[in-house]
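# Structural description and commentary
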Amino acid sequence: MSSLAIRVRKHRGRSVGLVAWLVGIVFFFPIAWMALTSFHSEADAATNPPSFGAALTLDGYREFFGAGGGASPWPALINSAVASVVSTLFVLVLAFPAAYALSIRRVKKWTDVLFFFLSTKMLPVVAGLLPIYLFAKNTGMLDNIWFLVILYTSMNLPIAVWMMQSFLAEVPVAVIEAAQIDGARLPTILARVVAPIALPGIAATSLICFIFSWNELLFARVLTGVVAETAPVFLTGFITSQGLFLAKVCAASLVVSLPVLAAGFAAQDKLVQGLSLGAVK
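Values in this document were obtained by computation on a predicted structure and should not be read as measured data.

Procedures and definitions
Residues numbered from 1 in each chain as written. Predicted model: local features only at pLDDT ≥ 70, side-chain atom pairs only at ≥ 80, totals over all residues. Heavy atoms only, no water. Helix = DSSP H or I, 4+ residues; strand = E, 2+ residues; numbered from the N terminus. Buried < 20%, exposed > 50% of the residue type's maximum accessible area, 1.4 Å probe, protein only. Contact = heavy atoms within 4.5 Å. Areas by Shrake-Rupley, 256 points an atom, 1.4 Å probe, with all protein chains shown as cover. Expected span 1.5 Å × (residues − 1). Bend = angle between axes of the 7 residues up to and from the residue. Core = buried A, V, L, I, M, F, W, Y, C linked by side-chain atoms within 4.5 Å. Salt bridge = Lys/Arg side-chain N within 4 Å of Asp/Glu carboxyl O. Phe/Tyr/Trp six-rings, centres within 6.5 Å; stacked < 30°, edge-to-face > 60°.

Let us now look at the overall build of the protein. Along its length, the protein carries 14 helices and 0 strands. In the protein, which comprises 281 residues, the share counted as buried stands at 35%. If you take every contact in the protein between residues at least 6 apart in sequence, the share linking residues at least 24 apart comes to 74%. Carbon and sulfur atoms provide 71% of the accessible area of the protein, an area that totals close to 16300 Å².

Over its 30 residues, helix α4 (residues 74–103) runs 42 Å from end to end, which matches the ideal 44 Å to within 8%, given 1.5 Å per residue. At Ala 95, α4 is bent by approximately 25°, the largest bend along its length, and proline Pro 97 sits one to four residues beyond.

Among the nonpolar cores identified, the biggest contains 28 residues, and Phe 96, Tyr 100, Ile 104, Met 164, Leu 168, Ile 176 and Val 194 are the most heavily contacted of them. Mapped onto this core, the elements with two or more residues apiece are α4, α5 (110–119), α7 (145–168), α8 (173–181), α9 (186–197) and α10 (199–215). Here Ile 176 is in contact with Tyr 100, Ile 104, Arg 105, Val 171, Ile 189, Val 193 and Val 194, once residues within four sequence places are set aside. With 17 residues, the next largest nonpolar core counts Leu 77, Ala 231, Ala 251 and Ala 252 among its residues.

Across all of its chains, the model carries 2 salt bridges by this definition. One salt bridge in this structure joins Asp 59 and Arg 62, with 2.8 Å as the shortest N-O distance. Taken together, the positions of Asp 59 and Arg 62, both in helix α3 (residues 59–64) and 3 residues apart, correspond to about one turn of that helix. Judged by relative accessible area, which is 36%, Asp 59 ranks as partly exposed. The shortest N-O distance in the salt bridge between Lys 248 and Glu 63 comes to 3.3 Å. Here Glu 63 lies in helix α3 and Lys 248 lies in helix α13 (residues 246–266), a separation of 185 residues in the sequence. Classification of Lys 248 by relative accessible area gives buried; the value is 18%. Residue Glu 63 is classed as partly exposed on the basis of its relative accessible area of 34%.

Turning our attention to the packing of aromatic side chains. Within this structure, the stated rule accounts for 9 aromatic pairs. Relative to Tyr 61, the ring of Phe 39 has its centre 5.1 Å away and its plane inclined at 40°; by these criteria the two rings are tilted. Linking Phe 39 in the loop between α1 (3–38) and α2 (42–45) with Tyr 61 in helix α3, this pair joins segments that are 22 residues apart in sequence. Judged by centre distance (5.8 Å) and plane angle (55°), the ring pair of Phe 64 and Phe 238 falls under tilted. Taken together, the residues span a long stretch of sequence, with Phe 64 in helix α3 and Phe 238 in the loop between α12 (231–236) and α13 at a distance of 174 residues. Accessibility assignment for this pair places Phe 64 and Phe 238 in one class, buried. Here the aromatic cluster, defined as three or more aromatic residues joined through ring pairs, consists of Phe 64, Phe 65, Trp 74, Phe 234 and Phe 238.

What follows is the structure, given as structure tokens:
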């Protein structure tokens, strides 16, 4: 390879790296701005342009956690955790065997089945809001966290089946056949053979489902009241038509975002492996 080609390749690599850094900064800047604003007083947070050199304070976090006599956020945070974690577990239990039947031991017309799963996500969320509300009202399930668990499970199941079908398609069939020759039954094959190989894909799927459930607002806003209120619904209560609330909203947004950020950071290696596994054929 000539020296000119080497220089061109190095220059191209630097350019790609610079663009990647710029894109990362653009995406990170709103989060950094929100975090900085959360440590300002309401008067400083409301200034335009923003006062970056203003004194820092924890008043926004104190108000969020109810130090000023407001409602405690812990019930809402616990409700979000229960709805997100339990619904994600239900999704994995249901999606894993379904993806196995659609990828490794394919059923008849498996492509039509996958299209049916995808078609369920084409319905606008608002279109299903009234029927679901009426069903919850007539069955006495309004303001019930377990109704949200069932709802989130049904909402995330199609995308989970699609993702896991792509991941499980990469599992070598020879390994499964060897386990069958040794006398392993289907539950053993799924738990001890397929699951360890597809673990990165399972982690990626579970993280996506957890994020979707944690961030869901529309159904939680309509179907819950006080008992089953989730963290996003609790956060919207700080936005009022009167008074200053920007610093408190930023503090609440940062606290509500921490579980998702922590889950993504903890599973980042599995997430990258899982997404790569499902994308490379």
